[in-house]
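Below, each chain spelled out in residue letters.
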Amino acid sequence: MASKPQDRSDGHYTIAKADKDIIGLGVVVAMIVLIIATGSSALADAVTALISDGQPRNQMLSAALLLNVALLMFGFRRYRDLTAEVRQRRQAEEMSRSIAQTDPLTGCLNRLTVDEALQAMITSARRTGHEVVAIVIDLDHFKRSNDVHGHLTGDAVLLEASRRIRSALPDGSIMARLGGDEFACAAIYDPDHVTAIDRLVLRINQLVARPIVIDHLSIEVTASVGLASTATEHTAEPAKLATALLHHADLAMYQAKKSGRNGYRWFDAGLERELRYRNELERGIREGIPAGEFVPYYEKQIDLDSGELTGFEMLARWKNPRRGLLSPDIFIPVAEEIGLISDLSESLIRQALADAREWDPRLTLSVNISPIQLRDPWFAQRLLKLLQEANFPPHRLDIEITESCLHENIGMVRTLITSLRNQGIRISLDDFGTGYSSFAQLRTLPFDRIKIDRYFVSNLDSNKDSATIIGAISSLGKGLGLPITAEGIETSAVLDELRKYGSFKGQGYLYGQPSDAQSVHTMLAKQNMLREMSIDPSASTYPFQQAAAA
């Protein structure tokens, strides 16, 4: 009988080596020996008797002979059947091991086995004084291509990309598919010829970037690559070193992706510090939203002709217990990536509506909306619910949508804008001039206002290109009947130049830094501009006029 697979410390199984069934073979051998021992004369007598009269002279001997022949036939049959069973069992075990160790689509190693293969490579390289480089490769924009063209096409792209990567690797390299569109490779190299690895990665980038033709469809993907070498690691144990190499190469790959994709980066210690900081931010955001650490700050919006305060734009701030007050540039992108931007935004809007409800009813509240929130078909309903809970008039709320949102899903954006405007909410196109909005989009989308990006405004007095762009936007706004707000007014010189192009609303540090809710409340109380206070109709000008005229 075939031996059972034996457990090994490395997690694999020993395939049974026996090709023969011992029991069946033993029966056959015993029968042959018995027949020989019986003697050829007994065989002749038995056969003669059976032929002549069916009564052998030695019936006991004949019966034994026939029994031996029957056992011999049984032994051969059992031997054949059990040998086939052993063969099938070996094939099944081989298939099970292959499935456990390799990726079924590409034939590469999988995430479970690449670590062991890398350990063996490190041990081998140390014997000869060489180093090992780990390479993590992620295909750029693969998910978008997969969603557009279907999973079968996506599998074909992965298969072709893996073939191209494998073709560039030197002999003796290992390659694994870590999952999705991410691959890991490793190779041994001479520490005196590190540039050979750079050439290898450039070759991989070039091969992957070539168009992949599938069913007459040309698909283009690129690769972001991260590298880590044993030459810069201090861990001696191969098992820990293999894990560290893959981890560090993965960090370098994400850095390459952040740097613009279709390139490569070597790991350095700064990347790990950056990862720890990123993890700290993620954990802080998850804990800080329910703890109320994120608060609204308010930036004044001024009518540039009269100098009157017309409203505020809400800006997010994080009162981090360890790092103090953090700006949105630090935490908003992280909140978007980890899927918490909606929770964060709704928390801030809820607070802002409660604050603005106490302001003079003539003052408006502007709120920025993330592109991710616009993908949510229920966003409008949730926003209206917040308005209802705060008992806040919809016409005092201005939702700001960045120009880049128009290119992601114009149909959904149009539906959302229409739904919100039907409820009385006003919609502004933010950061205008930085994207690629067409004249037709501005005509078909029912915006209430255009906001010029602060980049063009802040250097208006010194940059002729900015002046040309602002002049064109001003003319466009007049032609479409859309009022304009200029962001980034920081000096009186910029304000003077801006006034040459027409009547605007404006905001910027010239009118003061963004303030928290309590500071705004105190300032409005002094100006008699809180809802519960009497409003003097003649008090239509405020210190903002003095700042504007300065």
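So, here is what we can say about the structure in this document. (Residues numbered from 1 in each chain as written. Predicted model: local features only at pLDDT ≥ 70, side-chain atom pairs only at ≥ 80, totals over all residues. Heavy atoms only, no water.)

## Some thoughts on the side chain of Arg 177
1) Next: Within the secondary structure layout, Arg 177 lies in strand E3 (residues 174-179).
2) Next: At a separation of 3.2 Å, a polar atom in the side chain of Arg 177 contacts the side chain of Asp 103.
3) Next: Among the polar contacts listed, one links the side chain of Arg 177 to the backbone oxygen of Gly 180, at a separation of 3.0 Å.
4) Next: Excluding anything up to four places from it in sequence, Arg 177 contacts Asp 103, Leu 105, Thr 106, Cys 108, Leu 109, Asn 110, Arg 111, Leu 158, Glu 182 and Phe 183. (Helix = DSSP H or I, 4+ residues; strand = E, 2+ residues; numbered from the N terminus. Polar contact = N/O pair within 3.5 Å; in protein donor to acceptor, adjacent residues only side chain to side chain. Contact = heavy atoms within 4.5 Å.)

## Describing the environment of Trp 318
1) Next: Structurally, Trp 318 can be placed in strand E10 (residues 309-320).
2) Next: When the C-alpha atoms of Trp 318 and Gly 292 are compared, they prove to be 9.2 Å apart, with 26 residues separating the residues in sequence.
3) Next: Those residues in contact with Trp 318, other than ones at most four positions away along the chain, are Leu 281, Gly 284, Ile 285, Glu 293, Phe 294, Gly 324, Leu 325, Leu 326 and Phe 331.
4) Next: Within polar-contact distance, the side chain of Trp 318 engages the side chain of Glu 293 at 2.9 Å.

## Some points on the pattern of salt bridges
1) Next: Taken as a whole, this structure holds 21 salt bridges when the rule is applied.
2) Next: For Arg 278, the salt bridge is made with Glu 282, and the minimal N-O distance between the two is 2.7 Å. Taken as a pair, Arg 278 and Glu 282 lie in helix H9 (residues 269-291) at a separation of four residues, close to a single helical turn.
3) Next: Each of Glu 313, Glu 400, Lys 451 and Glu 487 takes part in one network of salt bridges that share partners. (Salt bridge = Lys/Arg side-chain N within 4 Å of Asp/Glu carboxyl O.)

## Concerning unusual backbone geometry
1) Next: Non-glycine residue His 216 carries a positive phi angle of around 65 degrees.
2) Next: Counting through the fold element by element, His 216 comes out in the loop between strand E5 (212-214) and strand E6 (217-219).
3) Next: Despite not being glycine, Asn 391 has its phi angle at roughly 55 degrees, a positive value.
4) Next: The residue Asn 391 is located in the loop between helix H13 (379-390) and strand E13 (397-402) in this model.
5) Next: Using a relative accessible area of 61% as the deciding quantity, one classes Asn 391 as exposed. (Buried < 20%, exposed > 50% of the residue type's maximum accessible area, 1.4 Å probe, protein only.)

## Things to note about the sheet that holds strand E4 (residues 182-189)
1) Next: Taken together, the six strands give an open sheet; going across it, the order is E1-E3-E4-E2-E7-E8, and neighbouring strands pair in mixed fashion. With partners counted over all chains shown, the strands left at the sheet margins are strand E1 (109-110) and strand E8 (264-266), one partner each.
2) Next: Of the strand pairs in this sheet, E3 and E4 are connected by five bridges, and their pairing is antiparallel. By the bridge assignment for E4, Ile 174 is matched with Ala 186. (Pairing = 2+ DSSP bridges.)

## Description of the pairing of strand E2 (residues 131-140)
1) Next: Across the ten residues of E2, nine count as buried, placing the element largely inside the fold.
2) Next: Pairing of E2 with E4 involves eight bridges; the strand directions are antiparallel. Across the sheet, the residue bridging to Val 136 is Ala 184, located in E4.
3) Next: Sheet analysis places E2 next to strand E7 (residues 222-229), joined by eight bridges and oriented antiparallel. Counted as the bridge partner of Leu 139 is Ala 223 from E7.

## Describing the packing of helix H4 (residues 111-128) against helix H8 (residues 238-258)
1) Next: Axis separation between H4 and H8 bottoms out at 9 Å; the angle between their running directions is 115 degrees. Considering their axes alone, H4 and H8 lie roughly perpendicular with respect to each other. Judged by the twist between their axes, the crossing of H4 over H8 is right-handed. Along the contact surface, H4 presents Val 114, Asp 115, Leu 118, Gln 119, Ile 122, Thr 123 and Arg 126, while H8 presents Pro 238, Ala 239, Leu 241, Ala 242, Thr 243, Leu 245 and Leu 246.
2) Next: The residue inventory of the contact of H4 with H8, partitioned by class, reads nine nonpolar, three polar and two charged. (Axes fitted to C-alpha atoms, helices over the stretch in contact; angles between N-to-C directions. Parallel < 35°, antiparallel > 145°, perpendicular 65-115°, else oblique. Left-handed = near helix turned anticlockwise from the far one by under 90°. Nonpolar A, V, L, I, M, F, W, Y, C, P; charged D, E, K, R; others polar.)

## Notes on the packing of aromatic side chains
1) Next: The tally for this structure, following the rule as stated, stands at seven aromatic pairs.
2) Next: Ring centres of Tyr 298 and Phe 312 lie 6.3 Å apart, and the angle between their planes is 75 degrees; on these two criteria the pair is classed as edge-to-face. With a gap of 14 residues between them, Tyr 298 in strand E9 (residues 294-303) and Phe 312 in strand E10 connect regions that are remote in the sequence.
3) Next: Look at Tyr 298 and you get buried, because its relative accessible area is 1%.
4) Next: Between Phe 312 and Trp 359 the ring centres are 4.8 Å apart and the planes differ by 50 degrees, which places this aromatic pair in the tilted class. Of this pair, Phe 312 sits in strand E10 while Trp 359 sits in the loop between helix H11 (341-356) and strand E12 (364-369), placing them 47 residues apart in sequence.
5) Next: Under the relative-accessibility criterion, Phe 312 is labelled buried at 1%.
6) Next: The rings of Phe 294, Trp 318 and Phe 331 are connected pair by pair, giving a single aromatic cluster. (Phe/Tyr/Trp six-rings, centres within 6.5 Å; stacked < 30°, edge-to-face > 60°.)

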